[in-house]
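# Observations on the model geometry
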Amino acid sequence: YAFPNPVRPDYEGPIAIKGLARDADEKITDVSGQLVFQTRALGGQAIWDGRDYNGRKANSGVYLVFSPSTQNSENPDALVTKILLMN
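All of these numbers come straight from a predicted model, not from anything done at the bench. (Residues numbered from 1 in each chain as written. Predicted model: local features only at pLDDT ≥ 70, side-chain atom pairs only at ≥ 80, totals over all residues. Heavy atoms only, no water.)

So, on to the overall build of the protein chain. Scanning the protein chain from N- to C-terminus turns up zero helices and seven strands. Reading the secondary structure of the protein chain in the N-to-C direction produces β-β-β-β-β-β-β. Here the C-alpha atoms of the protein chain give a radius of gyration of 12 Å, agreeing with the 12 Å that 2.2 N^0.38 yields for 87 residues. Counting every position in the protein chain, which comprises 87 residues, the buried fraction comes to 34%. Restricting the contact set of the protein chain to residue pairs at least 6 apart, pairs at least 24 apart contribute 47%. The protein chain carries 9 positive and 10 negative side-chain charges, and their two centres are separated by 4 Å. (Helix = DSSP H or I, 4+ residues; strand = E, 2+ residues; numbered from the N terminus. Rg over C-alpha atoms; globule rule 2.2 N^0.38 Å. Buried < 20%, exposed > 50% of the residue type's maximum accessible area, 1.4 Å probe, protein only. Contact = heavy atoms within 4.5 Å. Lys, Arg positive; Asp, Glu negative; His and termini not counted. Charge placed at Lys NZ, Arg CZ, Asp CG, Glu CD.)

See the structure below:
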C-alpha cells in the first residue's frame, strides 16, 4: 500500500510504498504506461517524492507501482498499488 494516498495538493513530503519484495527494483508509471520514476525497495519499502526523473512535480493523476512478484515467476513485474496525485 502507499501512504499518503491520495496525495493532496498541499502535501510536500515523501510517499511511502510498503509491502514490497525486499531490495527489488520498483517502477512507477502513469496510466498510459510511461515510466515516471524507478527506485529500489530497501527492506520492503520504497520512497517516492512525487517527482519525475527531471525533478518536476508529477502531474495530477493516477500512478501505478510495479514490483517483482515472488509468488508468480511468469509475471516478474506485477501491479502492487495505485497512487492518486492531486496538484
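From this point, the discussion proceeds with the structure in view.
Our next topic: the side chain of Ser-67. Among the structural elements, Ser-67 can be located in strand β6 (residues 61–68). Within polar-contact distance, the side chain of Ser-67 engages the side chain of Glu-26 at 2.8 Å. (Polar contact = N/O pair within 3.5 Å; in protein donor to acceptor, adjacent residues only side chain to side chain.)

So, about the pairing of strand β3 (residues 25–30). Here β3 pairs with strand β4 (residues 35–40) via five bridges, running antiparallel. Within β4, the position partnered with Thr-29 by the bridge is Leu-35. In this antiparallel pair of consecutive strands, β3 and β4, the connection spans four residues, and Gly-33 shows a positive phi of 95 degrees. (Pairing = 2+ DSSP bridges.)

Another aspect to go through is the nonpolar core. Ile-15, Ile-17, Ile-28, Trp-48, Tyr-63, Ile-83 and Leu-85 are the most contacted members of the largest nonpolar core, which totals 16 residues. For this core, the secondary structure elements donating two or more residues are β2 (15–18), β4, β5 (45–48), β6 and β7 (77–85). Those residues within four positions of Trp-48 in sequence are excluded, and the remaining contacts are Pro-14, Ile-15, Ile-28, Val-36, Phe-37, Ala-58, Tyr-63, Ile-83 and Leu-85. (Core = buried A, V, L, I, M, F, W, Y, C linked by side-chain atoms within 4.5 Å.)

This part covers the environment of Pro-4. Among the secondary structure elements, Pro-4 is positioned in the loop between β1 (2–3) and β2. Note: C-alpha distance between Pro-4 and Leu-84 (80 residues apart in sequence) is 9.3 Å. Ignoring sequence-local partners within four residues, the contact set of Pro-4 consists of Tyr-11, Pro-14 and Ile-15.

By themselves, these figures tell us nothing about what the structure is for.
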